Amino acid sequence: MTHMDGSSTMGSGETVIACVRCSKLARLQCPKCLELKLPRANASFCSQECFKASWSSHKLVHAGVKSEALRSDSPEGQISEALSRGWLYCLKKGQVRSSQLPFFDWTGSLRPYPISARRVVPDHISRPDWASDGIPKVEPNSDLQTRVEIKSGEQIERMRETCRVARQILDAAARAIGPGVTTDEVDEVVHEATVAAGGYPSPLNYHFFPKSCCTSVNEVICHGIPDARRLEDGDIVNVDVTVYLNGCHGDLNETFFVGKVDDFSQQLVQCTYECLEKAIASVKPGMRYREVGEVISRHASLSGFSVVKSYCGHGIGELFHCAPNIPHYASIQILNLRLMRKISILSHI
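Report follows, based on the coordinates. (Residues numbered from 1 in each chain as written. Predicted model: local features only at pLDDT ≥ 70, side-chain atom pairs only at ≥ 80, totals over all residues. Heavy atoms only, no water.)

As for a nonpolar patch on the surface
At step 1: On the surface, I221, V308 and Y311 cluster together to form a nonpolar patch covering roughly 260 Å² of accessible area.
At step 2: Among the secondary structure elements, Y311 is positioned in the loop between helix 8 (289-302) and strand 11 (313-315).
At step 3: On the accessibility criterion, Y311 (35% relative accessible area) is partly exposed. (Patch = residues over 30% accessible without salt bridge, like charges linked within 9 Å, V, L, I, M, F, W, Y side chains within 5 Å. Areas by Shrake-Rupley, 256 points an atom, 1.4 Å probe, with all protein chains shown as cover. Salt bridge = Lys/Arg side-chain N within 4 Å of Asp/Glu carboxyl O. Helix = DSSP H or I, 4+ residues; strand = E, 2+ residues; numbered from the N terminus. Buried < 20%, exposed > 50% of the residue type's maximum accessible area, 1.4 Å probe, protein only.)

What to know about the side chain of T194
At step 1: One can find T194 in helix 6 (residues 183-196).
At step 2: Apart from residues no more than four positions distant in its own chain, T194 is found in contact with I169, G199, Y200, P201 and V243. (Contact = heavy atoms within 4.5 Å.)

A closer look at the nonpolar core
Nonpolar side chains in soluble globular proteins generally cluster together in the buried interior.
At step 1: Counting 22 residues, the largest nonpolar core has I169, I177, V237, V239 and V241 as the members making the most contacts within it.
At step 2: Elements with a contribution of two residues or more to this core: helix 5 (153-176), helix 6, strand 9 (236-245) and strand 10 (248-257).
At step 3: Aside from chain neighbours lying at most four places away, what touches V239 is L170, A173, I177, V186, C213, C214, T215, L252, N253, E254 and F256. (Core = buried A, V, L, I, M, F, W, Y, C linked by side-chain atoms within 4.5 Å.)

Overview of the packing of helix 5 against helix 6
At step 1: Two elements in contact, helix 5 and helix 6, have axes separated by 9 Å at closest approach and are oriented at 150 degrees. What the angle tells us is that helix 5 and helix 6 run roughly antiparallel. Between helix 5 and helix 6 lies a crossing whose hand is right-handed. For the pair helix 5 and helix 6, the contacting residues are I169, A172, A173 and A176 in the first and V186, V189, V190, A193 and T194 in the second.
At step 2: The residue inventory of the contact of helix 5 with helix 6, partitioned by class, reads 8 nonpolar, 1 polar and no charged. (Axes fitted to C-alpha atoms, helices over the stretch in contact; angles between N-to-C directions. Parallel < 35°, antiparallel > 145°, perpendicular 65-115°, else oblique. Left-handed = near helix turned anticlockwise from the far one by under 90°. Nonpolar A, V, L, I, M, F, W, Y, C, P; charged D, E, K, R; others polar.)

Quick notes on the pairing of strand 12 (residues 322-326)
At step 1: Across the 5 residues that make up strand 12, a large majority, 4, are buried.
At step 2: In this sheet, strand 12 lies alongside strand 11 in antiparallel orientation, the contact comprising 2 bridges. When the bridges of strand 12 are listed, G315 appears paired with C322.
At step 3: Hairpin connection from strand 11 to strand 12: 6 residues lie between these consecutive antiparallel strands. (Pairing = 2+ DSSP bridges.)

Considerations on unusual backbone geometry
At step 1: With omega at 5 degrees, the peptide bond leading from A323 into P324 counts as cis.
At step 2: If you trace the backbone, P324 turns up in strand 12.
At step 3: Unusually for a residue other than glycine, K92 sits at a positive phi of about 50 degrees.
At step 4: Within the secondary structure layout, K92 lies in the loop between strand 5 (89-91) and strand 6 (96-98).
At step 5: Phi is positive for H223, which is not a glycine, with a value near 60 degrees.
At step 6: Structurally, the position occupied by H223 is in the loop between strand 8 (214-217) and strand 9.
At step 7: For H223, a relative accessible area of 37% gives the class partly exposed.

So this is what it looks like as structure tokens:
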């Protein structure tokens, strides 16, 4: 039997919990998590070695549990608290900071909050060419923006390892999510876990993006900037993680529920997941790129939803973004190209 806290019960009635790091049988629990009364499923380890190896990212879970007396519940209070710490609003595509809320034709109730200073990456970590000045040099001028690269076996193995690390980092971010946690704290978890793994968080300073991951809450489509806003019960939040390691990028994202969400939000996330699974199942050598969008848009439409056309999937590898671009909607205007073996595609749906 599997319980709500992630534990399982054997036939003998004994409760079994998996190690947070390696998924082996857990025998130890983090003493700080016990003190804070955090769920056992996020605080259990099989050995001291796994606990020590996970500490740099795991300890940040504790940061989200603070005394309510020290944190304001109201948006105004949260903003005031952030500004008092020197945090500022992010303007002009990441290049300007201000203490004033930026003007925008908002479509929903969500508003940006002030953001913290850019996090530091140790000097010994290999980094992409935009890390220092915010401007990619190789990527926009590469012929791989128009030519689809067929990956070598060696490239695929490097990408597989980088993506495995990225998945572990996204899992660490997921464990930090909950009502009252700021998206800046989620970003801190991602940043520290990435650095601990020897990687560089690819979004950091990419075209001046100020944070190490993207956190998109509720009506934000994608690429949301982590800030001082506290997640609320009923929110949905997408966390988009990319790691630069082994000379290549590993990019993945997932949408999480914050507390108890309404039926519509559950249906939206479930439909999106089904679209992704159906699209993956359809991929094979010889199929047309446009067929991927047809599969996605058909299932979304039949489920009562529509597909955002502002963004698309993209190729990835030694470049963060490259050909092919894969729209998620049906269109006869998409080039009649066919998939071949050993290409790598990231889907943003």
